[in-house]
Amino acid sequence: AAVYGMNPLFTLPLYEAGMDADSVLFLRYLIAVPIVALMAKARGQRFKIQSNERLPMLLMGVMMAATSWTLFTSYNYMDAGLASSILFIYPLFVALIMMVFFKEKLKATTVICLLMAILGIGLLYKTSEGAHLSLAGTLFVLASALTYAIYIVGVNQTALKQTPTLTISFYVLALSALLFFVKL
């Protein structure tokens, strides 16, 4: 979470230098793929994926690319720190997805957290400088939180639940890099 929250630190200077979200994300994923591959190899994790893991892996690559693209696009419409703060509503989306699609019971603490998150976003509606929260930016970052929640549920509720984390990360990063390469 801490590292993910630092995305603006590296992204905003690249935007100022003239890069767009697609270019930044392509480079981000391209750099991450060999790093994760080395980590996986050092830990002896497998790279081979089973046939029943292929479709979920492809879908998770698309979800991660969508998550990143919507978050990085939100930075064009609102303060990046604010967008990154709103992004952390994703655990609540995970809880809702699990309740609706997997019949998990919604606990009172989850309901309280949902209400607090909605209230918190409401409190962010107007900044201390008087600027209003961007509707477009908010929708992009909420889409990012939702796609990330779908990713998390997808990894834990499909054939990927037994797959080593670094193997998933390697393929998700590689697929995302490929998607942004094609998009560019």
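Everything in this summary refers to the structure shown in the same document.

Side note on the packing of aromatic side chains
Geometrically, a pair of aromatic rings is defined through the distance of the ring centres and the angle of the planes.
Moving on, step 1. Going through the model one piece at a time under the given rule, you end up with ten aromatic pairs.
Moving on, step 2. Taking the centre distance of 5.1 Å and the plane angle of 85 degrees together, the rings of Phe47 and Phe170 count as edge-to-face. Of the two residues, Phe47 is situated in the loop between helix H3 (21–42) and helix H4 (51–74) and Phe170 in helix H9 (residues 165–183); the sequence distance between them amounts to 123 residues.
Moving on, step 3. Measuring from ring centre to ring centre gives 5.9 Å for Phe88 and Tyr90, while their planes differ by 50 degrees; the resulting arrangement is tilted.
Moving on, step 4. Under the relative-accessibility criterion, Phe88 is labelled partly exposed at 32%.

A word on helix H5 (residues 80–87)
Moving on, step 1. Within H5, six of the eight residues are buried, which leaves the element mostly enclosed by the surrounding structure.
Moving on, step 2. Of all the residues in H5, the buried ones are Ala80, Leu82, Ala83, Ser84, Ile86 and Leu87.
Moving on, step 3. Looking at where H5 begins, the residue whose side-chain oxygen comes 3.1 Å from the main-chain nitrogen of Gly81 is Asp79.

Section: the side chain of Thr67
Moving on, step 1. Relative to the helices and strands, Thr67 resides in helix H4.
Moving on, step 2. The class of Thr67 is buried, set by a relative accessible area of 0%.
Moving on, step 3. There is a polar contact of 3.1 Å between the side chain of Thr67 and the backbone nitrogen of Tyr148.
Moving on, step 4. Sequence-distant contacts of Thr67, that is, excluding residues within four places in its chain, are made with Tyr4, Ser144, Thr147 and Tyr148.

Here is what the cut-offs are and how they apply
- Residues numbered from 1 in each chain as written.
- Predicted model: local features only at pLDDT ≥ 70, side-chain atom pairs only at ≥ 80, totals over all residues.
- Heavy atoms only, no water.
- Phe/Tyr/Trp six-rings, centres within 6.5 Å; stacked < 30°, edge-to-face > 60°.
- Helix = DSSP H or I, 4+ residues; strand = E, 2+ residues; numbered from the N terminus.
- Buried < 20%, exposed > 50% of the residue type's maximum accessible area, 1.4 Å probe, protein only.
- Polar contact = N/O pair within 3.5 Å; in protein donor to acceptor, adjacent residues only side chain to side chain.
- Contact = heavy atoms within 4.5 Å.

In short, shape yes, function no, at least from these values alone.
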